[in-house]
Amino acid sequence: MTARHQTLFDGLLLQVDRALRTLVADAPVPDRISPAKTSEEQVLSDDEKRHAAGLMRVNHSGEVCAQALYQGQALTAKLLSVRKDMEQAADEEIDHLAWCEERVKQLGGQPSLLNPLWYGLSFGIGATAGLISDKLSLGFVSATEEQVCKHLQSHLEKLPPQDDKSRAIVEKMLEDESQHAHAALAAGGINFPAPVKTLMSLVSKAMTESSYRL
């Protein structure tokens, strides 16, 4: 008996399931153990906990966006190889999603209330980029991951110095995201011009400031 060919409707149903798992269900089980597991929990003041939780909530929202972006691109990618790359990248980002959610809750916080909005916008952007061309889609991944790396680097400077658990997660995420950015360009992605990256940075800033508080 041969396997049934997946239709566009099948793909949409899978995307709905993925969205619900990302936004509603508890954090998925990561393939890799959280880097925070090897660090001791240090004493933080209430203000430090709130600040660290806000930063990790921003990181969690970024991973929600990454899931949506990659899934949207995978849905509309022209080449099978690009679709598989996007799906694999989304799977790798699940680790980050789970690590950040766990850490946010450890710090007494909750994921951002705005995550459904960020997911919808990011999915639409990813799907649109994929419809235009795979090179544009891959270029968008690289530019987005570049922005993520800048945010993560700034969070390493903003986190309470003694918050070793959050710092370990952010350091590993920074390493992974940098690899994703380089891989997307190596796969044929367009290197976006500076003005486009500046605009993306402004949009990203609005998202991070909102997610920090909500």
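## What about the nonpolar core?
What tends to happen in soluble globular proteins is that the nonpolar side chains get buried as a cluster.
Part 1: Formed by 18 residues in total, the largest nonpolar core has its most connected members in Met-56, Leu-107, Ile-169, Val-170 and Met-173.
Part 2: Elements supplying a minimum of two residues to this core: α2 (46-76), α3 (80-106), α5 (134-158) and α6 (164-186).
Part 3: Among all residues touching Val-170, those that are not within four sequence positions of it are Met-56, Asn-59, Leu-152, Leu-156 and Leu-159.
Part 4: Counting nine residues, the second largest nonpolar core, distinct from the first, contains Tyr-70, Ala-74, Leu-138 and Val-141.

## Considerations on the confidence of the model for the chain
Interpreting fine coordinate detail is not advised for predicted regions of low pLDDT.
Part 1: Per-chain confidence: the chain averages 80 in pLDDT, with 84% of residues scoring 70 or above.
Part 2: The low-confidence segment residues 1-5, where pLDDT is below 50, has two contacts with residues more than four positions distant or belonging to other chains.

## Focus: α2
Part 1: Its 31 residues place the ends of α2 45 Å apart at the C-alpha level, agreeing with the 45 Å of an ideal helix rising 1.5 Å per residue.
Part 2: Most of α2 sits inside the fold, with 24 of its 31 residues counted as buried.

## Regarding the environment of Lys-49
Part 1: Looking at the element boundaries, Lys-49 is found in helix α2.
Part 2: In this structure the C-alpha to C-alpha distance between Lys-49 and Gly-108, which are 59 residues apart in sequence, comes to 7.5 Å.
Part 3: Sequence-distant contacts of Lys-49, that is, excluding residues within four places in its chain, are made with Leu-44 and Leu-107.

## Observations concerning the layout of surface pockets
Leftover empty space is mapped by rolling, across the atoms, a probe with the size of a water molecule.
Part 1: As a volume, the largest pocket reaches approximately 680 Å³.
Part 2: Together, 31 residues line the largest pocket, and Cys-65, Ser-122, Thr-144, Ser-204 and Met-207 are the ones closest to its centre.
Part 3: At the level of elements, α2, α4 (115-132), α5, α6 and α7 (194-213) are the ones that each hand at least two residues to the lining of the largest pocket.
Part 4: Ranked by residue count, the leading element in the lining of the largest pocket is α5, at nine residues.
Part 5: Broken down by class, the residue content of the lining of the largest pocket amounts to 18 nonpolar, nine polar and four charged.

Here is what the cut-offs are and how they apply
- Residues numbered from 1 in each chain as written.
- Predicted model: local features only at pLDDT ≥ 70, side-chain atom pairs only at ≥ 80, totals over all residues.
- Heavy atoms only, no water.
- Core = buried A, V, L, I, M, F, W, Y, C linked by side-chain atoms within 4.5 Å.
- Buried < 20%, exposed > 50% of the residue type's maximum accessible area, 1.4 Å probe, protein only.
- Helix = DSSP H or I, 4+ residues; strand = E, 2+ residues; numbered from the N terminus.
- Contact = heavy atoms within 4.5 Å.
- pLDDT = per-residue confidence, 0-100.
- Expected span 1.5 Å × (residues − 1).
- 1 Å grid on protein atoms, 1.4 Å probe; cavity = no way out; pocket = protein on both sides within 12 Å on 5 of 7 lines; lining within 4 Å.
- Points joined across faces, edges and corners; volume = space filled by probe spheres on them.
- Nonpolar A, V, L, I, M, F, W, Y, C, P; charged D, E, K, R; others polar.

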